[in-house]
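# A closer look at the structure
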There are 2 protein chains.
Amino acid sequence: MTRILGIDPGSQRTGVGIIDVDATGRVKHVFHAPLNLMAGVAACKGDLPQRLRRLLDGLRAIVEEHRPDEVAIEQVFMAKNADSALKLGQARGAAICAVVMHDLPVHEYGARQVKLALVGKGAADKAQVQHMVGAMLGLTGRLQADAADALAIAITHAHVSASARRLGIDERLAWSRK
Amino acid sequence: MTRILGIDPGSQRTGVGIIDVDATGRVKHVFHAPLNLMAGVAACKGDLPQRLRRLLDGLRAIVEEHRPDEVAIEQVFMAKNADSALKLGQARGAAICAVVMHDLPVHEYGARQVKLALVGKGAADKAQVQHMVGAMLGLTGRLQADAADALAIAITHAHVSASARRLGIDERLAWSRK
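Remember, it's a predicted structure, so these values are computed and weren't measured experimentally.

## Some remarks on the overall build of chain A
- In terms of helices and strands, chain A carries five helices and six strands.
- With respect to the three principal axes, the spread of C-alpha positions in chain A is 50 × 35 × 30 Å.
- Counting the 178 residues in chain A, one finds 52% classified as buried.
- In chain A, the proportion of contacts linking residues at least 24 apart, taken out of those at least 6 apart, comes to 61%.
- About 8,300 Å² of surface is accessible on chain A, with carbon and sulfur atoms providing 51% of the total.
- The average position of the 23 basic charges and that of the 18 acidic charges among the side chains of chain A differ by 5 Å.

The following block contains the structure:
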């Protein structure tokens, strides 16, 4: 049994999802939540250090409670513009720091890889991916979007790892898959 | 006496500079170094988690050794493109995490603010700024560029804080100054 933490980093909200995957590739829901980085900072929205600290501390607390073995994070394929890329990069840097501090291996997956793993085609839309997350993990009700994306990334890593094992690929999975 | 840590974050190299400033605003050099995030990872240049961990651990070790009171970091005004903004953002996020973990207050300054503080005009070029850093701190020889930029940001914060004190501005300095 391997426990996987999926992260969908964002500068205002970071999605977190945790699943267990067994040797056959079967997945089971453990935890999901959106980390709201803006909570309580309405008066100083611009205080980036405080937001990053909330992300770092929040993620570390989740790691300490749920003890994942591996981490998967969304790859940023194309940011809208330089300003949003910078904000996203800061959140992503903080998220990666939180998990490498606990010596966890991190892998990144592109949106296409996630869609392929969840829906079976790289051109699926976000709603289909979120629907499949709920169906695969047996969750009822509407999932918060960032948490659903984080679970989708964790499931993607579970599938890629299981395929690699079936194919007898012993080498450690590469950091990045597009 | 206040000890200020200046940081010039970069995805390959992060400049670090530390100065002491006394009540009159006089500055004294304590430490500077470029943190090379690529050292020893030539074979896996793409391993971002490893680079961010090197930045986080390197910066935390410097904080623990030199015990700064306050931190100043370069503001990213306009990144060249979304891809470089993302990389810079990740390094900046890791750098901010390293210092907020030690409860240090962080302030950011734009390039114009740094040039004004060091050279007296917002349109000064980088070489002039680096020359002034050496002159103000009594350093001889050519300074490594990233470390010089980090010292320049620390000096800028020293000047802005001293001016604020002289003007009787009691309130805590804002996080961001452009």
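## A look at the confidence of the model for chain A
- Mean pLDDT for chain A: 89, with 90% of residues reaching 70 or above.
- Of all the helices and strands in chain A, strand S6 (residues 176-177) of chain A carries the lowest mean pLDDT, 71, while strand S1 (residues 2-8) of chain A carries the highest, 97.

## Observations concerning the relation of the copies chain A and chain B
- Least-squares fitting of chain A to chain B yields an RMSD of 0.0 Å, with the transformation described by 0.0 Å of translation along the axis and a rotation of 180°. Such a combination of rotation and displacement between the chain copies is what one expects of a two-fold axis.
- A shared binding surface is used by both copies, with 100% of the interface residues of chain A retained as interface residues in chain B.

## Quick look at the environment of Val 76 of chain A
- You can see Val 76 of chain A is positioned in the loop between strand S4 (70-74) and helix H2 (82-100).
- For the pair formed by Val 76 of chain A and Pro 9 of chain A, sequence separation is 67 residues and the distance between their alpha carbons is 9.6 Å.
- Excluding residues within four positions of it along the chain, Val 76 of chain A makes contact with Leu 88 and Arg 92 of chain A together with Leu 86 of chain B.

## Focus: the pairing of S4 of chain A
All names here are of chain A.
- For S4, the tally of buried residues reaches four of five residues, placing the bulk of the element in the interior.
- Where S1 and S4 come together, four bridges link them in parallel fashion. Counted as the bridge partner of Gly 6 is Ala 72 from S4.
- Pairing of S4 with strand S5 (residues 106-109) involves four bridges; the strand directions are parallel. Across the sheet, residue Val 71 finds its bridge partner in S5, namely Val 106.

## Structural notes on the interface of chain A and chain B
- Opposite the 27 residues of chain A that make contact, chain B presents 27 residues.
- Interface area lost by chain A to chain B is led by Pro 49, Arg 53 and Leu 86 of chain A, which between them contribute 23%.
- Remark: the boundary between chain A and chain B carries two salt bridges.
- Residues Arg 53 of chain A and Asp 103 of chain B are paired through a salt bridge, measuring 2.6 Å at the closest nitrogen-oxygen approach.
- Linking chain A with chain B are eight residue pairs in polar contact (both at pLDDT 80 or more).

## Re the packing of helix H1 (residues 48-66) of chain A against H2 of chain A
Residues and elements named next belong to chain A.
- Relative to each other, H1 and H2 sit at 35°, their axes nearing to 9 Å. As H1 runs across H2, the sense of the crossing is right-handed. Residues Leu 48, Leu 52, Leu 55, Leu 56, Leu 59, Arg 60 and Val 63 of H1 form the contact with H2, whose own contacting residues are Gln 90, Ala 91, Ala 94, Ala 95, Cys 97, Ala 98 and Val 99.
- Across the contact of H1 with H2, the residue classes tally to 12 nonpolar, one polar and one charged.

What counts and how
- Residues numbered from 1 in each chain as written.
- Chains lettered and ligands numbered in written order.
- Predicted model: local features only at pLDDT ≥ 70, side-chain atom pairs only at ≥ 80, totals over all residues.
- Heavy atoms only, no water.
- Helix = DSSP H or I, 4+ residues; strand = E, 2+ residues; numbered from the N terminus.
- Buried < 20%, exposed > 50% of the residue type's maximum accessible area, 1.4 Å probe, protein only.
- Contact = heavy atoms within 4.5 Å.
- Areas by Shrake-Rupley, 256 points an atom, 1.4 Å probe, with all protein chains shown as cover.
- Lys, Arg positive; Asp, Glu negative; His and termini not counted.
- Charge placed at Lys NZ, Arg CZ, Asp CG, Glu CD.
- pLDDT = per-residue confidence, 0-100.
- Least-squares fit on C-alpha atoms with pLDDT ≥ 70 in both.
- Pairing = 2+ DSSP bridges.
- Buried area = accessible area lost by both parts, 1.4 Å probe.
- Salt bridge = Lys/Arg side-chain N within 4 Å of Asp/Glu carboxyl O.
- Polar contact = N/O pair within 3.5 Å; in protein donor to acceptor, adjacent residues only side chain to side chain.
- Axes fitted to C-alpha atoms, helices over the stretch in contact; angles between N-to-C directions.
- Left-handed = near helix turned anticlockwise from the far one by under 90°.
- Nonpolar A, V, L, I, M, F, W, Y, C, P; charged D, E, K, R; others polar.

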